[in-house]
Amino acid sequence: MPDAVVTRHLTKQFANCLALDDVSLRVAEGEMVALLGASGSGKSTLLRHLPGFVTGTRGEVEVLGQTIQQDGRLTSSIRQVRRQIGFVFQQFNLINRLPVITNVLIGQLPQTSWWRSFLMRFSMSQRQQALQALISVGMEQTTWQRASTLSGGQQQRAALARCLVQGARLVLADEPIASLDPESSRKVMELFVMMNRQHNCTVLVSLHQVEFAIRYFPRTIALNAGRVVYDGPSSDLTPALLAELYGSEAHELFTPACQPSPEAASTSAHPASLSFV
Ligand SMILES: Nc1ncnc2c1ncn2[C@@H]1O[C@H](COP(=O)(O)OP(=O)(O)OP(=O)(O)O)[C@@H](O)[C@H]1O
Ligand SMILES: [Mg+2]
């Protein structure tokens, strides 16, 4: 499989913080990978480098076979590659005053002529595609609702419908379930799985919650203080291993209902013994 994402020695130094420290990783096309880490570990910073929203201090980023940035300089392929990347953020996903269907249609803008984009004029087939995408994420009943009136989980699902309409080959999501209840989180996670399996999207999602990484993602890349501290099967992330990787911050990676007991953290109990949300 060709690579969807490659970073080589990616380093980001902010004024007084080394946010990414020599990060080298590969994600193959068609993979579904969780990016795990406690607060401040560098997850958002890493995700923002992939479409070139942020430039590194040093190192290289390649996305879908194209070099996006090298030693702090963006390349000319960036616009073309960005069209193939879908984004889902924890918030600010949608334009609040517009109806859901228009927010989803915005995924079509890169393929729409400038004057149609300017006037927000979409063809019948584009509208049908957007409606189909809303049906796939179980949101057709909200088609004409203002985005501002959607629940958090519905907003994330609408953002995923937009990625579908866009025909994204790579979906990047930054803590998409951070403010959702367990049931909405589960629905959103299942949609990532659907996008990966049915639409062959490569999916890279940052998470705080290890239970979701284990349940939905075959592979996890874990960051701590800007460094990759683990890259391997999610099922190997035992409480003991997390305690080793994160020390006292390990508790941040469990949802309250799934906090491991101190004994679990000090033994190599398999995480399957944790109760999932
Ligand atoms: N624009 C910035 N200027 C200065 N420091 C920054 C900036 N953006 C991020 N940082 C710092 O870089 C480090 C990594 O931040 P980042 O937002 O990537 O962490 P995170 O893993 O996404 O955390 P969280 O789980 O809280 O979202 C933090 O110490 C943060 O304060
Ligand atoms: Mg973040």
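Residues numbered from 1 in each chain as written. Chains lettered and ligands numbered in written order. Predicted model: local features only at pLDDT ≥ 70, side-chain atom pairs only at ≥ 80, totals over all residues. Heavy atoms only, no water.

Next up on the list: the sheet that holds strand E3 (residues 32-36). Pairing between sheet strands relies on hydrogen bonds along the backbone, with the strands arranged either parallel or antiparallel. Reading across from one edge, E7-E8-E9-E3-E10-E11 is the order of the 6 strands in this open sheet, with mixed pairing throughout. Looking at which strands have only one partner, the edges of the open sheet turn out to be strand E7 (85-88) and strand E11 (227-233). Along the sheet, successive strands turn relative to each other by an average axial angle of 15 degrees, direction set aside. Of the strand pairs in this sheet, strand E8 (residues 170-174) and strand E9 (residues 202-207) are connected by 5 bridges, and their pairing is parallel. Across the sheet, residue Asp174 finds its bridge partner in E9, namely Ser206. Sitting on the sheet, helix H6 (residues 152-166) touches E7 and E8, and the angle it makes with E7 is about 175 degrees. (Pairing = 2+ DSSP bridges. Helix = DSSP H or I, 4+ residues; strand = E, 2+ residues; numbered from the N terminus. Axes fitted to C-alpha atoms, helices over the stretch in contact; angles between N-to-C directions. Contact = heavy atoms within 4.5 Å.)

With 15 residues, H6 ought to run about 21 Å at 1.5 Å a step, and its terminal C-alpha atoms sit 21 Å apart, in line with that. Most of H6 is tucked away: 14 of the 15 residues are buried. Immediately downstream of H6, the backbone of Gly167 shows phi near 70 degrees, a positive value. (Expected span 1.5 Å × (residues − 1). Buried < 20%, exposed > 50% of the residue type's maximum accessible area, 1.4 Å probe, protein only.)

Now for the packing of H6 against helix H7 (residues 182-199). Orientation of H6 relative to H7, taken along the N-to-C sense of each, is 10 degrees, at an axis distance of 9 Å. Classed by the angle they form, the pair H6 and H7 counts as roughly parallel. In this structure, H6 contributes Gly153, Gln156, Arg157, Leu160, Cys163 and Leu164 to the contact, and H7 contributes Ser184, Lys187, Val188, Leu191, Phe192, Met194, Met195 and His199. Looking at the contact of H6 with H7 residue by residue, the class counts come to 8 nonpolar, 4 polar and 2 charged. (Parallel < 35°, antiparallel > 145°, perpendicular 65-115°, else oblique. Nonpolar A, V, L, I, M, F, W, Y, C, P; charged D, E, K, R; others polar.)

On to the pairing of strand E1 (residues 3-14), then. Note: E1 against strand E2 (residues 17-28), 8 bridges, orientation antiparallel. Each bridged residue has a counterpart across the sheet, and for Val6 the counterpart in E2 is Arg26. Count of turn residues in the E1/E2 antiparallel hairpin: 2 residues. Direction of pairing for E1 relative to strand E4 (residues 58-63): antiparallel, over a ladder of 5 bridges. Bridged to Thr7 within E4 is Val61.

Around ligand 1, a shell composed of 13 residues is seen, among which Ser39, Gly40, Lys43, Ser44 and Thr45 lie nearest. One nitrogen or oxygen atom from the side chain of Lys43 is found 2.7 Å from an oxygen atom belonging to ligand 1. His208 is positioned such that a nitrogen or oxygen atom in its side chain is 3.5 Å from an oxygen atom of ligand 1. In isolation ligand 1 offers 640 Å² of accessible surface; the protein chains occlude 61% of this area. Elements with a contribution of two residues or more to the shell around ligand 1: E2 and helix H1 (43-49). A total of 3 residues in the shell around ligand 1 trace back to one element, the largest contributor, which is H1. Looking at side-chain class alone, the shell around ligand 1 contains 4 nonpolar, 7 polar and 2 charged residues. (Near = heavy atom within 4 Å. Polar contact = N/O pair within 3.5 Å; in protein donor to acceptor, adjacent residues only side chain to side chain. Areas by Shrake-Rupley, 256 points an atom, 1.4 Å probe, with all protein chains shown as cover.)

This next bit is on the confidence of the model for the chain. Per-residue pLDDT for the chain has a mean of 87; in total, 87% of the residues score no lower than 70. This model gives residues 263-277 a pLDDT under 50, and the stretch forms 34 contacts once residues within four places in sequence are excluded. (pLDDT = per-residue confidence, 0-100.)

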